[in-house]
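# Inside the fold
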Amino acid sequence: MLKFIFWTLLAINAVLFAYGQGMLGNFRENEREPGRMRNQLATENIKLVAARPVPPPDAEAAADPEPVVAPPTPVLVMTKPAAPKPEAKLEPKPEPKQEPKPDLVACTLVGNFAPADARRFEAMLSPLALGHRQTREDVAVPEVTSHIVFIPSAGSKEAADRKAAELKELGITSFFIMNDNSPMKYAISLGVFKSETSAQTLLATLTKQGVNGAKVAGRTSQGTRMAYRFRALEPAAKAKVDAIVARFPGQESRSCK
């Protein structure tokens, strides 16, 4: 069957080729092959050659071709989605242990420093770099500025005049009656000294001269001292401050608010 189809197609193809080249003539003018051949040039050179037999097709080609198998129709298969894997539970990280904070010393007040001692104290505190935790404040304090040798007041001007007369009889002329509005009004001053030692020396001399009832007292005035307030100090810092305070005799630390 395949051979027949092959030869048929080959013959049709040859006819169509000849017609296209004009070899078969024009059938409408009733031309035939002999007349067409006479119109060719050098017709004597044309030789008819027997057609060569077409070699048989290969055995594999002659064999019936294998039937073409259509690819299988894809089938949509619904599958269940895979179950999600359970997420691994992250264990909470242990919080780092915090060292307990040391108890802070709320407030410490140090001293009543004279100006010169205050400057030395501040210079020693400087390496501690306490910043705002260290403050200085001025403190008004009574200060003994002098010492007086005197005979206390008898309570009236007349009594003071009588005592003054007795002093003159003893040969003492360096004195005066105090008339100011103070607790020592009508007292008799016998001398004022910067140091207590000088005052005590005069008192001893007057006693030998027969003066009775004379005394030595310090005279005070309002002075300014420096105090230092420390807040929120760690125990270690507090110990360093105390060590510096110990180098100033007469100064002490005390609690404050």
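Below is a short write-up of the structure. Here the structure is a predicted model, which means the values were calculated and not measured.

### Topic: helix 4 (residues 115–125)
Residues spaced three or four apart along an α-helix face the same direction, because each turn holds 3.6 residues. Along helix 4, the residues classified as buried are Ala118, Phe121 and Leu125. Within helix 4, the buried residues cover an arc of 65° as seen down the axis, which keeps them to one side. Residues of helix 4 that are exposed and point more than 90 degrees away from the buried face comprise Arg119 and Ala123. Buried residues along helix 4 sit against strand 1 (105–113), strand 2 (134–151), strand 5 (215–233) and helix 7 (235–245).

### A few points about the sheet that holds strand 3 (residues 176–177)
Pairing between the strands of a sheet comes from backbone hydrogen bonds, and it takes one of two forms, parallel or antiparallel. The strand order 3-4-2-5-1-6 describes an open sheet built from 6 strands, whose pairing is antiparallel. Whereas interior strands pair on both sides, the edge strands pair on one side only; in this sheet they are strand 3 and strand 6 (253–255). By the bridge criterion, 5 bridges tie strand 2 to strand 4 (residues 188–193) in an arrangement that is antiparallel. Looking at strand 4, one finds that Val149 is bridged to Gly191. Most of the contacts of helix 4 go to strand 5, to which it runs at about 15°, and overall it touches strand 1, strand 2 and strand 5. Helix-sheet contacts for helix 7 involve strand 1, strand 5 and strand 6, and the interaxial angle to strand 5 is about 155°.

Conventions we followed
- Along each chain, residues carry numbers from 1 onward, in the same order as the chain's sequence is written.
- Local features are withheld for residues below a pLDDT of 70 in this predicted model, meaning they are given only at 70 or higher, and side-chain atom pairs are given and counted only at 80 or more; totals for whole chains, interfaces and linings count all residues.
- To obtain the side-chain values, all non-hydrogen atoms of the structure were included, while hydrogens and water were left out.
- Burial classification: accessible surface area is computed with a 1.4 Å probe over protein chains only, and a residue below 20% of its type maximum counts as buried, one above 50% as exposed, and the rest as partly exposed.
- Only DSSP runs of H or I reaching four residues or more are called helices, and only runs of E reaching two or more are called strands; each is numbered from the N terminus.
- Taking the helix axis as origin, the arc is that swept by the directions to the C-beta atoms.
- For this analysis, residues touch if any pair of their heavy atoms sits within 4.5 Å.
- Strands pair, by our definition, only if DSSP identifies at least two bridges between them.
- The axes used here are C-alpha line fits, helices contributing only the stretch in contact, and every angle between their N-to-C directions lies in the interval 0 to 180 degrees.

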